[in-house]
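Per-entry structural report
This is what each chain is made of:
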Amino acid sequence: MITSAAPALSRVHDVTEEVFAAIREVRDATVAALAPERPLVADLAALRPLLWSRLTTGPLAALIAGIGFIAAPGLLADAPWYLEWWQQHPSGQPRQLLRDLDPASSAFYDYTHWEWFTGPRVGRERTICGPYVDYLCTDEYSLTLSVPVTVGGAFAGAAAADVFVRNFEAAVAPALRELPKPAFLINAEGRVVASNSARWLSGSVYRGGLAVTPVPGLDLSLVQGPAAE
Amino acid sequence: MVSSGARLAVFSPVDSTARVEAVVRRLADAIVLGLLTDGEQLPSEAELAARLGVSTVTLREALMALRQRGLVETRRGRGGGSFVRVPPDSGLEGRLRGLTVAELRDVSDHYAAIAGAAARLAAGRSLPSDLAPLRRSLDEMAGCPSPRLDGRFHIEVAAASQSARLTQEEIRLQADIGPLLWLSRDTPEGQDEMAKQHQAIVEAIERGDGDQARLVAERHVLDATDHLIELRLRLQD
């Protein structure tokens, strides 16, 4: 009997799209907050109720560990580098990420090299960055999903959310388990995101040889091997 | 509607101890490394707090700790403000005196294990997107070596292992001993040798040669700690 991959593909699609939907809300709220001609850091505080509620309520709170807006350098009149970024915290109350963001004093935090920033900057509608060790924000093994924020046709920055790989894996694992082993999800580069087999774990690299089915509309693919492992 | 949990966050006490320590360490290291020089005036409290991304309350606590350690002096009145003070024993020697040879050997063993394991895994798992930051750091270091770039490079290697725990350990070790290791090799020959080792680590990772990557990463740590231990042994207690 052939097990259809369709339910797994649609589960992955739905989980990912839910996160992107939340990010697009952040994008829209950011566009509204950036209405002033020379926006300031304080203008972005308007995003906070939305960011906090995405981190604390509803099914997305089990997935999204951090969410916010990353300003293009020079966008804000009073801070050349700025993230309006909030994260879940064990206390249950979101915390703002505070970092020295000036590359002149901190070699770590020139954020314009990260794919979650470069993807939106070149106009990619959906960027899935990772899995990667996110030593900028969480020190965890994460995915960062992002979308461009444009104001008057100009790139203003990225709206984004962090999803820990372990939580993403938990969300898609039941669907993957329905498939014969091995079945695993890879990103555009071939890095394994989630898997139903110990042979292919998240973080390992798939280098070809098995059947690959793209997840519609996303830079993710489902890889399936011959049933006997 | 904002959830009640989110509303509570507005008024929750901010955990500031970690931030105070982070600011103290950053400024103290900058003074030890000579990035801030004796007598230099620090920016105003408000400006410094904004640049470091902390509140002025946190900054004031950090300045108080630095004053107690004799690293900052505050003068009142016209021409007043906070000034950097470099005590005679605050450099490499001063820091080294605070560590015993046994401690240095132990850190060295720990660090070599972490760096070696991370480099081996990175060789098996890295993709072009992991190698790009390593190459960028090598290029930047070729132009202008600094402990900051050196630290970033090693954290990028650890991150390429795809292991969050190894990366967290690398970050901790960098904070503990990174600047000191760098200082111990801060001579033209030392810099040259470090650059060659960095290059060899990246090449082994690029080739996917895990055994070689582990070997050169361990060698890199052990060479630096050897130098540090030699320096420590020469110091009179």
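Residues numbered from 1 in each chain as written. Chains lettered and ligands numbered in written order. Predicted model: local features only at pLDDT ≥ 70, side-chain atom pairs only at ≥ 80, totals over all residues. Heavy atoms only, no water.

1. Structural notes on the overall build of chain A
As a reminder of what qualifies: To qualify as a helix, a DSSP run of H or I must reach at least 4 residues; to qualify as a strand, a run of E must reach at least 2; elements of each kind are numbered from the N terminus. Atoms counted for the radius of gyration: C-alpha only. Globule rule: 2.2 Å times residue count to the power 0.38. Partly exposed describes any residue whose relative accessible area lies between the buried limit of under 20% and the exposed limit of over 50%, with all areas from a 1.4 Å probe on protein chains only and scaled to the type maximum. In this analysis, two residues are considered to be in contact whenever any of their non-hydrogen atoms come within 4.5 Å of each other. Only the protein chains shown count as cover for residues, and all accessible areas are computed by the Shrake-Rupley method using a 1.4 Å probe. Working convention for charge: Lys and Arg count positive, Asp and Glu count negative, and His plus the chain ends are omitted. Charged side chains are reduced to one point each, which is NZ for Lys, CZ for Arg, CG for Asp and CD for Glu.
Within chain A, the regular secondary structure consists of 4 helices and 10 strands. Listing every helix and strand of chain A by position from the N terminus yields α-α-β-β-β-α-β-β-β-α-β-β-β-β. Against the 2.2 N^0.38 benchmark of 17 Å for 229 residues, chain A shows a C-alpha radius of gyration of 18 Å, consistent with a compact globule. Each of the three principal axes of chain A carries a C-alpha extent, and together these read 60 × 35 × 35 Å. Buried positions account for 55% of the 229 residues belonging to chain A. Put simply, of all contacts in chain A between residues at least 6 apart along the chain, 55% involve residues at least 24 apart. Roughly 9,300 Å² of accessible area belongs to chain A as shown, and the carbon and sulfur atoms make up 56% of that amount. Averaging the positions of the 17 positive and the 23 negative side-chain charges in chain A gives two centres separated by 5 Å.

2. Here's the deal with the pattern of salt bridges
Where charged atoms from two side chains of opposite charge come close, those side chains can pair. Residue and element names in this part refer to chain A. Convention followed: By convention in these notes, a salt bridge is any Lys or Arg side-chain nitrogen within 4 Å of a carboxyl oxygen on Asp or Glu.
Applying the stated rule across the entire model yields 22 salt bridges over all chains. For Glu84, the salt bridge identified is with Arg48, shortest N-O distance 2.7 Å. With Glu84 in strand 2 (residues 83–87) and Arg48 in helix 2 (residues 48–56), this residue pair connects regions lying 36 residues apart in the sequence. For Arg48, a relative accessible area of 22% puts it in the partly exposed group. Through salt bridges with shared partners, a single ionic network connects Glu17, Arg24 and Arg126.

3. Considerations on the domain arrangement of chain A
Note on interface size: it is often stated as the accessible area lost on association of the parts. All names here are of chain A. Our working definition: As used throughout, domain bounds are those supplied by an automatic or database domain assignment. Summed over both partners, buried area is the accessible surface (1.4 Å probe) that two parts give up on being assembled.
In terms of domains, chain A is made up of domain 1 (6–166) and domain 2 (175–224). Using C-alpha coordinates to define each centre, domain 1 is positioned 26 Å away from domain 2. Listed per partner, the contact involves 16 residues of domain 1 and 18 residues of domain 2. Summed over both sides, the interface of domain 1 with domain 2 buries roughly 1,300 Å², with 77% coming from carbon and sulfur. Counting the contacts that link domain 1 with domain 2 gives 0 salt bridges.

4. So, the side chain of B:Glu170
All names here are of chain B. So the rule is basically this: Here a polar contact means two N or O atoms within 3.5 Å. Within protein one must be a hydrogen donor candidate and the other an acceptor candidate, and residues neighboring in sequence count only if both atoms are side-chain atoms.
Secondary-structure assignment places Glu170 in helix 9 (residues 164–184). The buried charged residue Glu170 lacks any salt bridge, with Arg172 as its nearest oppositely charged partner at 11 Å. In terms of polar contacts, Glu170 uses its side chain to reach the side chain of Tyr111, at 2.5 Å. With sequence-adjacent residues up to four places away left out, Glu170 is seen in contact with Tyr111, Ile114, Ala115, His154, Ile155 and Ala158.

5. Re helix 7 (residues 128–143) of chain B
Residue and element names in this part refer to chain B. The test is simple: Under the convention used throughout, the expected extent of a helix is 1.5 Å for every residue step, that is, one less than its residue count. For this quantity, the arc is that covered by the directions from the helix axis to the C-beta atoms.
Along its 16 residues, helix 7 runs 23 Å from first to last C-alpha, staying within 8% of the 22 Å computed at 1.5 Å per residue. Turning to helix 7, its buried residues number three or more, namely Asp130, Leu131, Pro133, Leu134, Ser137, Leu138 and Met141. Angular distribution of buried residues about the axis of helix 7 spans 160°; they occupy a single face of the element. Residues Pro128, Asp139, Ala142 and Gly143 are exposed on helix 7 and point more than 90 degrees away from its buried face. Buried positions along helix 7 lie against helix 6 (101–125), helix 8 (147–160) and helix 10 (188–207).

6. Some remarks on the sheet that holds strand 10 (residues 220–224) of chain A
All names here are of chain A. The line we're drawing: Being paired, for any two strands, means DSSP has found at least two bridges between them. To get an axis, fit a line to the C-alpha atoms, keeping to the stretch in contact for a helix; angles then go from 0 to 180 degrees between the N-to-C directions.
With antiparallel pairing, 4 strands are arranged side by side in an open sheet as 8-7-10-9. With partners counted over all chains shown, the strands left at the sheet margins are strand 8 (192–195) and strand 9 (211–214), one partner each. Taking the axes of each pair of neighbouring strands and ignoring which way they run, one obtains an average angle of 25° across the sheet. As judged from the 3 bridges shared by strand 7 (residues 183–187) and strand 8, these two strands associate in the antiparallel manner. Bridge assignment links Leu185 to a residue of strand 8, and that residue is Ala194. Most of the contacts of helix 1 (residues 6–33) go to strand 10, to which it runs at about 155°, and overall it touches strand 7, strand 9 and strand 10.

7. Description of unusual backbone geometry
All names here are of chain A. Here Gly130 and Pro131 are connected by a cis peptide whose omega angle stands at 10°. If you trace the backbone, Pro131 turns up in strand 4 (residues 127–134). Each neighbour pair has its own omega, and for Lys181 with Pro182 the value is -10°, a cis peptide bond. Inspection of the secondary structure assignment puts Pro182 in the loop between helix 4 (165–177) and strand 7.

8. As for the domain arrangement of chain B
Taken as a whole, chain B is organised into domain 1 (15–84) and domain 2 (92–234). Taking only C-alpha atoms into account, the centre of domain 1 of chain B sits 29 Å from that of domain 2 of chain B.

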